[in-house]
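Working through the structure, step by step
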Amino acid sequence: MALATRTERSPSLIGSVWRSTVGKKTIMAVSGALMLGYLIAHLAGNLKVFFGADDFNGYAHWLRTIGAPILHHGWFLWLVRPVLLAAVVLHGITAYQLSRRDRAARPHKYVHQRQRQSYATRTMRWGGVILTLFIVWHILDLTTLTVNERAEEGHPYENLVASFNTWYGNTIYITAMVAVGLHVRHGLWSAAQTLGMNSARSDRALKATANGLALVMTCGFISIPVSVMLGLVD
Amino acid sequence: MRLTLRIWRQHGPDEPGVMTTYEVDGISEDMSFLEMLDHLNEELILGGDEPVAFDHDCREGICGACGMVINGQAHGPERTTTCQLHMRHFTDGDTIDIEPWRASAFPVIKDLVVDRSAFDRIVGSGGFISAPTGSAPEAHATPVPKAVADLAFENAECIGCGACVAACPNGSAMLFTSAKVVHLNVLPQGGPERESRVLDMIDTMDAEGFGGCTNTGECATACPKGIPLHSIATMNREYLRATIKGGQRRNS
Ligand code: HEM
Ligand code: FES
């Protein structure tokens, strides 16, 4: 019998990551961080609404000219969209699969129940479902304008004001932004832990950052519908 | 003191179980929790009943055999093992709920005894180092910096009791596995298997049906030995490093 002089080839990188709980969690953390990065940029852009219609619409127009003249009008957005879509889909699939596994691993509840996890930690799954539904609504509302009755293509500022002049537009938006804040509060620190990027020493600072960022994002996003309701933006 | 105990009774692995109520009297506050159960069992035996089965061995907090969920907390209200928990932490007239570790990877064998051999299989898949047998090597041949030795020791304190799995809402063994991985991976002696160890142990952990980590932190709060939550982050980093390096598994 010949001696094996070489070890077998290991299974493919993507396959072994996808099969492992730690690997799947890594995919969640990376896709979550990507979405978080996008949301921060999105918030910064949205706050332009406070400088008036011309500023805001000008910003929206500029977004379509990024990368010119190499990129054609609007191409930059079309490069970003598949990446974001992939992030949302991967994040959702891994969240679903890991959650099912977690439930199966603990089929018996304790008779003596205690509530100890923080609200943000407990609501990651339902918060994620709310966010998924919101993403669909949000695109139909302000991108494709399907559900926005008084919307006109090419007038983002006016469309935004129209959406926030409806009670349901405000309710959906504000609920989702509270969910985003809670999700980020647990998610940011969680992603650092999943990627092994935190240290015992930086942990406290990281948690403070997560809380601060969550608060800024929720308040920042909500300030827009509130201002429309108060007539500060119209 | 006088106590009301509500204990999970289950005759065998495939039998249904129920919470059963017992009254015990004459409990001294100097008794350990296990001595309190011994006291109950003596009375049960005298009355011709089946005693409550529970695991125990050293009764000094070092073997990890004992373990039960007391009032919804793994090992009860103090940060120690059940054998080192004393009745002075309860008051006369209390009702105490006692349940076995709950996780599909830890099936109940009888009453409060669960099968924790999944932990042995995780350790068997990588929780060792390859050392030549024979005479012991010269101690100073492999220098280990103090900080590294301390980190390894902090993780080596894990006694494998399973409280982390019992406390985790996902029945996850991440804290246990990470303590074993970090203990050996930070030491030079663990270097040759650094990649295969973390890959194989996580594979086995998953195959045994434990859940994943949602960074809830219940495990580290329950751990009687104070294994830090941060060990999980270190194991995750070791996993990513091994994966990116294309580390080989031994067990595939
Ligand atoms: C829209 C923006 C979203 C952002 C910025 C975001 C961000 C994150 C981050 C950074 C994590 C931490 C990953 C880790 O622990 O390693 C996370 C976890 C999670 N996300 Fe999201 N996510 C978003 C949307 C969603 C959606 C749509 C879902 C639902 C399908 C979802 C479900 C979850 C779940 C279940 C977790 C795991 C929570 C846990 O660790 O217990 N997220 N998210
Ligand atoms: S009996 Fe050994 S740790 Fe409790």
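This text follows the structure it describes.
Residues numbered from 1 in each chain as written. Chains lettered and ligands numbered in written order. Predicted model: local features only at pLDDT ≥ 70, side-chain atom pairs only at ≥ 80, totals over all residues. Heavy atoms only, no water.

Thoughts on the overall build of chain A
Helices and strands together make up the secondary structure of chain A, namely 9 helices and 0 strands. Scanning chain A from its N terminus toward the C terminus, one meets helices and strands in the order α-α-α-α-α-α-α-α-α. Across its three principal directions, the C-alpha atoms of chain A cover 80 × 55 × 35 Å. By the burial criterion, 40% of the 234 residues in chain A qualify as buried. Within chain A, contacts between residues at least 6 apart in sequence are counted, and of these 67% link residues at least 24 apart. For chain A, the exposed surface amounts to about 14200 Å²; the carbon and sulfur share of it is 66%. (Helix = DSSP H or I, 4+ residues; strand = E, 2+ residues; numbered from the N terminus. Buried < 20%, exposed > 50% of the residue type's maximum accessible area, 1.4 Å probe, protein only. Contact = heavy atoms within 4.5 Å. Areas by Shrake-Rupley, 256 points an atom, 1.4 Å probe, with all protein chains shown as cover.)

Regarding the environment of V129(A)
Looking at where V129(A) falls in the secondary structure, it is placed in helix 6 (residues 124-143). Taking the C-alpha atoms as reference points, V129(A) and L63(A), separated by 66 residues in sequence, lie 29 Å from one another.

Some words on the layout of surface pockets
One number sums up the size of the second largest pocket: a volume of about 360 Å³. Lining the second largest pocket are 17 residues, with S118(A), T121(A), H186(A), W189(A) and K207(A) positioned closest to its centre. Counting only elements with at least two residues in the lining of the second largest pocket, the list comes to helix 5 (119-122), helix 8 (167-194) and helix 9 (203-230) of chain A together with helix 7 (218-222) of chain B. Residue composition of the lining of the second largest pocket, grouped by class: 4 nonpolar, 9 polar and 4 charged. (1 Å grid on protein atoms, 1.4 Å probe; cavity = no way out; pocket = protein on both sides within 12 Å on 5 of 7 lines; lining within 4 Å. Points joined across faces, edges and corners; volume = space filled by probe spheres on them. Nonpolar A, V, L, I, M, F, W, Y, C, P; charged D, E, K, R; others polar.)

With respect to empty space enclosed by the protein
Residue and element names in this part refer to chain B. Overall, the coordinates contain 4 cavities of 30 Å³ or more when judged by the stated rule. In this structure, the largest cavity encloses a volume near 100 Å³. Those elements that provide at least two residues to the lining of the largest cavity are helix 4 (163-167) and helix 5 (174-185). Per-class residue counts for the lining of the largest cavity are 11 nonpolar, 2 polar and 1 charged.

Some words on the site of ligand 1
As a structural note, the neighbourhood of ligand 1 is formed by 23 residues, with K25(A), H91(A), H183(A), S190(A) and T194(A) the closest of them. More than one chain lines the surroundings of ligand 1; the residues nearby belong to chains A and B. One nitrogen or oxygen atom from the side chain of H91(A) is found 2.7 Å from a nitrogen atom belonging to ligand 1. Within the side chain of N215(B), an N or O atom sits 3.5 Å from an oxygen atom of ligand 1. Of all the secondary structure elements, the ones that give two or more residues to the shell around ligand 1 are helix 2 (21-46), helix 4 (75-105), helix 6 and helix 8 of chain A. Across the shell around ligand 1, the residue classes break down as 9 nonpolar, 12 polar and 2 charged. (Near = heavy atom within 4 Å. Polar contact = N/O pair within 3.5 Å; in protein donor to acceptor, adjacent residues only side chain to side chain.)

Focus on the interface of chain B and chain A
Interface size is often expressed as the accessible area that is lost when the parts come together. Listed as interface residues are 46 residues of chain B and, on the opposing side, 40 residues of chain A. The junction of chain B with chain A conceals about 3500 Å² of combined surface from both sides, 50% of it contributed by carbon and sulfur atoms. The largest per-residue losses of area from chain B upon contact with chain A belong to R102(B), N215(B) and Y239(B), which jointly make up 17% of the total buried on that side. Taken together, the connections running from chain B to chain A amount to 0 salt bridges. (Buried area = accessible area lost by both parts, 1.4 Å probe. Salt bridge = Lys/Arg side-chain N within 4 Å of Asp/Glu carboxyl O.)

Description of helix 7 (residues 156-163) of chain A
Summarising burial for helix 7 of chain A: 6 of the 8 residues are buried, a large majority. Structurally, helix 7 of chain A contributes buried residues whose contacts are with helix 3 (53-63), helix 6, helix 8 and helix 9 of chain A.

Regarding the nonpolar core
Among soluble globular proteins, nonpolar side chains are generally buried collectively. Counting 51 residues, the largest nonpolar core has F119(B) and F210(B) as the members making the most contacts within it. Of all the secondary-structure elements, those providing two or more residues to this core are helix 2 and helix 8 of chain A together with helix 2 (117-124), helix 4, helix 5, helix 6 (194-207), helix 7 and helix 8 (230-244) of chain B. Non-local contacts of F210(B), meaning those with residues more than four positions away in its chain, are made with R101(A), A105(A), A105(B), F106(B), A118(B), F119(B), I122(B), V165(B), G171(B), S172(B), A173(B) and M205(B). (Core = buried A, V, L, I, M, F, W, Y, C linked by side-chain atoms within 4.5 Å.)

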